[in-house]
Amino acid sequence: NAGVTQTPKFRILKIGQSMTLQCAQDMNHNYMYWYRQDPGMGLKLIYYSVGAGITDKGEVPNGYNVSRSTTEDFPLRLELAAPSQTSVYFCASTRTGIGEQYFGPGTRLTVT
Amino acid sequence: GQQLNQSPQSMFIQEGEDVSMNCTSSSIFNTWLWYKQEPGEGPVLLIALYKAGELTSNGRLTAQFGITRKDSFLNISASIPSDVGIYFCAGYSGAGSYQLTFGKGTKLSVIP
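Below is a short write-up of the structure.

Let's talk about the pairing of strand 9 (residues 85-92) of chain B
All names here are of chain B.
- Within strand 9, 7 of the 8 residues are buried, which leaves it mostly tucked inside the rest of the structure.
- In the sheet, strand 4 (residues 31-37) pairs with strand 9 via 7 bridges, with the strands oriented antiparallel. Residue pairing for strand 9: tryptophan 34 is matched across the bridge by cysteine 89.
- Relative to strand 11 (residues 106-111), strand 9 is paired through 3 bridges, and the arrangement is antiparallel. Looking at strand 11, one finds that glycine 85 is bridged to leucine 108.
- Bridge count for strand 9 against strand 10 (residues 100-102) is 3 bridges, and the pairing is antiparallel.

Structure (structure tokens):
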């Protein structure tokens, strides 16, 4: 199993550009999550999904959108990039929703 | 929202020493998870705790779920240089919540 994979690993965007961060898992987990991590801080939840077709907002959803058309994939969309979205983004998944979450390697995004 | 207070923020210890860190909350948590993150990587799960009072070990690591359900502790015995990293506590508060709350982390440095 590859576990949780994320692409790209690094990206630089100009203000106002758009991009999609990709996340995939091969563990047949129903629950998937997107977090952002700013320097010296813990992880903050952006969006999560409890299954294909079902998504919900987390603590910091503004400026982001998600979709979940399959169990395996959970892309995160930035429509109009802003410098405040400079961060490291992590995707995670879990089988039960209240159990152990497994993380991908992250995408480091810089918006200038 | 929920908050987890993790302490200490950082530690410098000699190789071979034991390490203790803790995580506290003003509200009850039903599950506690401990993660380690190394530079440029995603968090890696170390230990999961599901019952109040539970004590679980993983090699030189031991974690406990506090009996009040408002705290958790992580101990590392006989530290080695590869223990360097940031240790995060995280928890589920229950009541139908699928959202994991993270502490801000304890940065561990080991002096050979």
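Still more ground to cover, so stick around.
Considerations on the interface of chain A and chain B
- Each partner contributes residues to the interface: chain A has 25 residues there, and chain B has 20 residues.
- Surface buried jointly by chain A and chain B totals about 1,700 Å² across both partners, of which 57% is contributed by carbon and sulfur atoms.
- Taken together, chain A and chain B are joined by 0 salt bridges.
- Only strand 4 (31-37), strand 5 (43-51), strand 9 (87-94) and strand 10 (102-103) of chain A provide two or more residues apiece to the side of chain A that touches chain B.
- Tallied by class, residues from the side of chain A that touches chain B come to 13 nonpolar, 9 polar and 3 charged.

A short note on the pairing of strand 5 (residues 44-49) of chain B
All names here are of chain B.
- Looking at chain direction, strand 4 and strand 5 are connected through 5 bridges and run antiparallel. Considered in strand 5, the bridge of tyrosine 35 is made with leucine 45.
- In textbook terms, the turn of a hairpin is the stretch between consecutive antiparallel strands, and for strand 4 and strand 5 this stretch comprises 6 residues, one of which, glycine 40, has a positive phi near 75°.

Observations regarding the pattern of salt bridges
- Applying the stated criterion across every chain yields a total of 5 salt bridges over all chains.
- The shortest N-O distance in the salt bridge between Lys44(A) and Glu59(A) comes to 3.6 Å. Placement of the pair is Lys44(A) in strand 5 and Glu59(A) in the loop between strand 6 (54-57) and strand 7 (64-66), with a sequence separation of 15 residues.
- Assessed through its relative accessible area of 29%, Lys44(A) is described here as partly exposed.
- The exposure class of Glu59(A) is exposed, given its relative accessible area of 54%.
- Where Arg60(B) meets Asp83(B), a salt bridge forms, and the shortest distance between an N and an O atom there is 2.8 Å. With Arg60(B) in the loop between strand 6 (55-58) and strand 7 (61-65) and Asp83(B) in the loop between strand 8 (71-76) and strand 9, the pair connects residues that are 23 residues apart, well separated along the chain.

What counts, and where the lines are drawn
- Residues numbered from 1 in each chain as written.
- Chains lettered and ligands numbered in written order.
- Predicted model: local features only at pLDDT ≥ 70, side-chain atom pairs only at ≥ 80, totals over all residues.
- Heavy atoms only, no water.
- Buried < 20%, exposed > 50% of the residue type's maximum accessible area, 1.4 Å probe, protein only.
- Helix = DSSP H or I, 4+ residues; strand = E, 2+ residues; numbered from the N terminus.
- Pairing = 2+ DSSP bridges.
- Contact = heavy atoms within 4.5 Å.
- Buried area = accessible area lost by both parts, 1.4 Å probe.
- Salt bridge = Lys/Arg side-chain N within 4 Å of Asp/Glu carboxyl O.
- Nonpolar A, V, L, I, M, F, W, Y, C, P; charged D, E, K, R; others polar.

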